[in-house]
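Chain by chain, the residues:
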Amino acid sequence: MVSYKELGLVNTKEMFAKAIKGGYAIPAFNFNNMEQLQAIIKAAAETKSPVILQVSKGARNYANQTLLRYMAQGAVEYAKELGWEKPQICLHLDHGDSFETCKSCVDFGFSSVMIDGSHLPYEENIALTKKVVEYAHAHDVTVEAELGVLAGVEDEVSAAESHYTKPEEVVDFATRTGCDSLAISIGTSHGAYKFTREQCTVDPQTGKLVPPPLAFNILDAIMEQLPGFPIVLHGSSSVPQEYVDIINQYGGKLPDAVGIPEEQLRKAAESAVCKINIDSDSRLAFTAAVRKVFAEKPGEFDPRKYCGPARDLMTELYKHKIINVLGSNGKAE
Ligand SMILES: [Zn+2]
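Computed from a predicted structure; not experimentally measured.

In this section: the overall build of the protein chain. Broken down by element type, the protein chain carries 12 helices and 10 strands. Computed over its C-alpha atoms, the radius of gyration of the protein chain comes to 19 Å, within 12% of the 20 Å expected for a compact globule of 333 residues. By residue count, 50% of the 333 residues in the protein chain fall in the buried class.

So, in structure tokens, the structure goes:
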């Protein structure tokens, strides 16, 4: 049993309270390897932005949970070395799927966990979330829960209203579970293919796909029900066209990849949305940089020579998100 406090990490309580008051959002970036972690910490340290490091099930399978936790601990020290005297770094379990997974993360030094019971019937979601909250709160670890199902390409129905979080449920859910933040569904979705061609309109000038707008009416209704309560958006990559173009130019094949426009996320960040999850965009940046090196220097075989440029491009991406989309720069001086 180790407390995150001994590792120099923080939970999300104060981060979120300040973010809601200040009209910005905290970046939640997923990490799977050293280059990604270096890029996240460098971007956060240089912009003095609080940051949430997210570990998904996929990341735990790929990189090993133990290793990732020690990397996060190392990240705190690295941040200090970069001149960030009081780093505000949260280590968060993304999409925890059971009480046992959440408990093991709490016991192991995570400062925040998500329990995702959104696929369960309502009452079961409440019971599971409540159980995690009771355990986590006993260790001063914050808990994110989810209500509503993220719409996306996977769904049979195209972004139907029925998938969205029901505003009439949020007070009951938050009160009975005691969760610290709530992930909602208002039209974001996971991955680089968030919408099908049929769900989009086509910009007559550029011929590019324009995704349907986020359901701000539902967000407004939720905020009215739960004033000042921290709201989380998953699946909020924007799928920058410049990265998609580089990937396709150098032999990749990503037709019709579409994300959430950044101006919509900026608008969300100014509201009670205080955590925005971004994963796919950094995957795209990494891939774009690596493909470019491979195409231009086919003789290159030193991983540092292609992972290095990938790290640089991800750092640039993270800084852009922090400064221009989330507005969290300078909030962790
Ligand atoms: Zn998610």
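Before going further, it helps to spend a moment on the nonpolar core. Judged by nonpolar contacts, the single largest core of 99 residues is most densely connected at Ile-40, Leu-53, Val-113 and Leu-182. Per-element tally for this core: the top contributor is helix α12 (residues 303–326), with 8 residues. Setting aside anything within four residues of it in sequence, one finds Leu-182 in contact with Ala-145, Leu-147, Val-170, Ala-174, Phe-229, Ile-231 and Val-232.

This part is about helix α10 (residues 262–269). If you check which residues of α10 are buried, you get Gln-264, Leu-265, Ala-268 and Ala-269. Looking straight down α10, one finds that the buried residues subtend no more than 140° of arc, so they occupy a single side. Against the buried residues of α10 lie α8 (216–225), β9 (231–233), β10 (273–278) and α12.

A pair of packed helices is characterised by two quantities: the angle between their axes and the separation of those axes. Packing of helix α2 (residues 34–47) against α12 leaves a shortest axis separation of 8 Å and a crossing angle of 40°. It follows that α2 is oblique to α12 by the angle criterion. In the crossing of α2 with α12, the sense of the turn from one axis to the other is right-handed. Of the residues in α12, those in contact with Glu-35, Gln-36, Gln-38, Ala-39, Ile-40, Lys-42, Ala-43, Glu-46 and Thr-47 of α2 are Cys-307, Ala-310, Arg-311, Met-314, Thr-315, Tyr-318, Lys-319, Ile-322 and Ile-323. For the contact of α2 with α12, a count of residues per class yields 9 nonpolar, 4 polar and 5 charged.

Bringing unusual backbone geometry into the picture now. Here the phi dihedral of Asp-140 falls at roughly 60°; this positive angle occurs in a residue that is not glycine. Tracing the backbone shows Asp-140 in the loop between α6 (122–137) and β5 (142–147). Looking at Asp-140, the number of C-beta atoms within 10 Å reads 13, which means it is partly exposed. One non-glycine residue, Val-239, adopts positive backbone phi at about 50°. The residue Val-239 is located in the loop between β9 and α9 (241–249) in this model.

Read once around its circumference, the closed barrel built from 8 strands follows the order β1-β2-β3-β4-β5-β6-β9-β10, with strand pairing classed as parallel. Strand-to-strand twist across the sheet, computed as the mean angle between neighbouring axes with direction ignored, equals 25°. Relative to β9, strand β6 (residues 181–184) runs parallel, the two sharing 3 bridges. When the bridges of β9 are listed, Ala-183 appears paired with Val-232. Its contacts with the sheet put helix α5 (residues 99–107) on β3 (89–96) and β4 (112–115), and the angle it makes with β3 is roughly 165°.

This paragraph deals with the environment of Leu-67. Mapped onto the elements, Leu-67 comes out in helix α4 (residues 65–81). Using a count of 11 C-beta atoms within 10 Å as the deciding quantity, one classes Leu-67 as exposed. As a C-alpha pair, Leu-67 and Glu-85 span 18 residues in sequence and 25 Å in three-dimensional space.

Most of strand β1 (residues 26–30) sits inside the fold, with 5 of its 5 residues counted as buried. Residue alternation in β1 divides its side chains into two sets, Ile-26, Ala-28 and Asn-30 and Pro-27 and Phe-29, and both sets are buried. Here β1 pairs with β10 via 4 bridges, running parallel. By the bridge assignment for β10, Ala-28 is matched with Asn-277. One ladder, built from 3 bridges, connects β1 with strand β2 (residues 51–55); its direction is parallel. By the bridge assignment, Ala-28 is partnered in β2 with Ile-52. Regarding the hand of the β-α-β motif, the stretch spanning β1, α2 and β2 is right-handed.

Calculation criteria
- Residues numbered from 1 in each chain as written.
- Predicted model: local features only at pLDDT ≥ 70, side-chain atom pairs only at ≥ 80, totals over all residues.
- Helix = DSSP H or I, 4+ residues; strand = E, 2+ residues; numbered from the N terminus.
- Rg over C-alpha atoms; globule rule 2.2 N^0.38 Å.
- Buried ≥ 20, exposed ≤ 12 C-beta atoms within 10 Å, placed from the backbone.
- Core = buried A, V, L, I, M, F, W, Y, C linked by C-beta atoms within 7 Å.
- Contact = placed C-beta atoms within 7 Å.
- Arc of directions from axis to C-beta.
- Axes fitted to C-alpha atoms, helices over the stretch in contact; angles between N-to-C directions.
- Parallel < 35°, antiparallel > 145°, perpendicular 65-115°, else oblique.
- Left-handed = near helix turned anticlockwise from the far one by under 90°.
- Nonpolar A, V, L, I, M, F, W, Y, C, P; charged D, E, K, R; others polar.
- Pairing = 2+ DSSP bridges.
- Right-handed = clockwise from strand over helix to strand, strands pointing away.

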